[in-house]
Amino acid sequence: TIYSLVSDGANLWLLTVDSTTAAAFYKYNGVSWSAETTPWTAQTNLTSVSLTYDSTNSNLYAFVIKGSPEQAYWKSTPISSVSWSAETSLGFTGGDLGHISSPETGAGTAQIGVTLREGEFGIDYGFGNLTPATSKILNYQRIDVDSDSYYSLVSDGTNLWLLTQDASTAAAFYKYTSA
C-alpha cells in the first residue's frame, strides 16, 4: 500500500510512501491540509504503509514494510500532539514482504493488527498484532501470484476480515479469529 487514510471523527490523517527512504504524513482539519511529523525518514527500501486510528485511546498507529531484508514495524502517536513512539517489530520473518494493510479504526489495541504478503512468490499470507504475535496462511497461491494485488482489512471487534482482489484472476474473503 502506498497510502493510507483514516479519520478520528474531526480530522483526516494521511500516511503515504514518499520515496523508498521516507514516508509523508498529513492532517486535514476540514479546511486545509498540513504536513505533520512523519514516522519514518532516512530509511532503506521503504515500500508499504498503513495507518489505524485507535478510538479508545485517541492514538494513531502507523505500520511500514522496510529494510533489507524487508521487515514490518509499527509506531504510535497521540492525535493531540504528534510525537511518534519508538519503532517496534511486528515479528514477521524478515524477507520478501509486501502489501501491509491494517483496519481503519480499532477500539483499543486488541482490535489493531495487520495483514501482509510473505514469500518470494507472494504465496504465504501473514496476520500480526501489536504484541507481536503472528500467524500465517501457507502456500495460498491464489491470493497473490503477481504484483497487481490489493488488500483491505477490517475488524468487527472479535475477528479480522480480509478481502483480497487480484486484478488478473480472483477475489477472496477470509476471516481470522485469534486463539
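All of the points below concern the structure found in this document.

What counts and what doesn't
Residues numbered from 1 in each chain as written. Predicted model: local features only at pLDDT ≥ 70, side-chain atom pairs only at ≥ 80, totals over all residues. Heavy atoms only, no water. Helix = DSSP H or I, 4+ residues; strand = E, 2+ residues; numbered from the N terminus. Buried < 20%, exposed > 50% of the residue type's maximum accessible area, 1.4 Å probe, protein only. Phe/Tyr/Trp six-rings, centres within 6.5 Å; stacked < 30°, edge-to-face > 60°. Lys NZ or Arg CZ within 6 Å of the ring centre and 35° of its normal. Pairing = 2+ DSSP bridges. Axes fitted to C-alpha atoms, helices over the stretch in contact; angles between N-to-C directions. Polar contact = N/O pair within 3.5 Å; in protein donor to acceptor, adjacent residues only side chain to side chain. Contact = heavy atoms within 4.5 Å. Salt bridge = Lys/Arg side-chain N within 4 Å of Asp/Glu carboxyl O.

**Examining the environment of Gly91**
Mapped onto the elements, Gly91 comes out in the loop between strand S8 (88-89) and strand S9 (97-101). Judged by relative accessible area, Gly91 falls into the partly exposed class, the value being 38%. Distance in space between the C-alpha atoms of Gly91 and Gly128 is 7.6 Å, their sequence separation being 37 residues.

**A short note on the packing of aromatic side chains**
Under the counting rule described, the total for this entry stands at four aromatic pairs. Between Phe25 and Trp84 the ring centres are 5.3 Å apart and the planes differ by 70°, which places this aromatic pair in the edge-to-face class. Note that Phe25 is positioned in strand S3 (residues 23-28) and Trp84 in the loop between strand S7 (71-78) and S8, a separation of 59 residues in sequence. With 5.5 Å between their ring centres and 50° between their planes, Tyr61 and Trp74 make a pair best called tilted. You can see Tyr61 sitting in strand S6 (residues 59-66) and its partner Trp74 sitting in strand S7, a full 13 residues away along the chain. One exposure class covers both Tyr61 and Trp74, and it is buried. Counting every residue linked through ring pairs, the aromatic cluster contains Trp13, Phe25 and Trp84. The ring centre of Tyr73 lies 4.7 Å from the NZ or CZ of Lys66, which sits over that ring.

**Describing the sheet that holds S3**
Read across the open sheet, the four strands follow the order S1-S2-S3-S4; overall the sheet is antiparallel. Only two strands of the sheet have a single partner each, and these edge strands are strand S1 (3-7) and strand S4 (33-36). Each adjacent strand pair in this sheet contributes to an overall mean axis angle of 20°, direction not counted. Pairing analysis gives five bridges linking S1 to strand S2 (residues 12-17), with the strands arranged antiparallel.

**Some points on the side chain of Ser4**
Mapped onto the elements of the fold, Ser4 is located in strand S1. Ser4 sits in the buried class, given a relative accessible area of 9%. From its side chain, Ser4 meets the backbone nitrogen of Leu51 in a polar contact 2.9 Å long. Beyond its immediate stretch of four places on either side in the chain, Ser4 contacts Trp13, Leu14, Leu15, Val49, Ser50 and Leu51.

**Some points on the pattern of salt bridges**
The full count for this structure, using the stated rule, is two salt bridges. Between Glu87 and Lys66 there is a salt bridge; the shortest N-O distance is 3.4 Å. Placement of Glu87 in the loop between S7 and S8 and of Lys66 in strand S6 is noted, with a sequence separation of 21 residues between them. Residue class for Lys66 comes out buried when judged on its relative accessible area of 9%. Residues Arg117 and Asp96 are paired through a salt bridge, measuring 3.5 Å at the closest nitrogen-oxygen approach. Taken together, the positions of Arg117 in strand S11 (residues 113-118) and Asp96 in the loop between S8 and S9 put the pair 21 residues apart, joining distant regions of the chain. Given a relative accessible area of 11%, Arg117 falls into the buried group.

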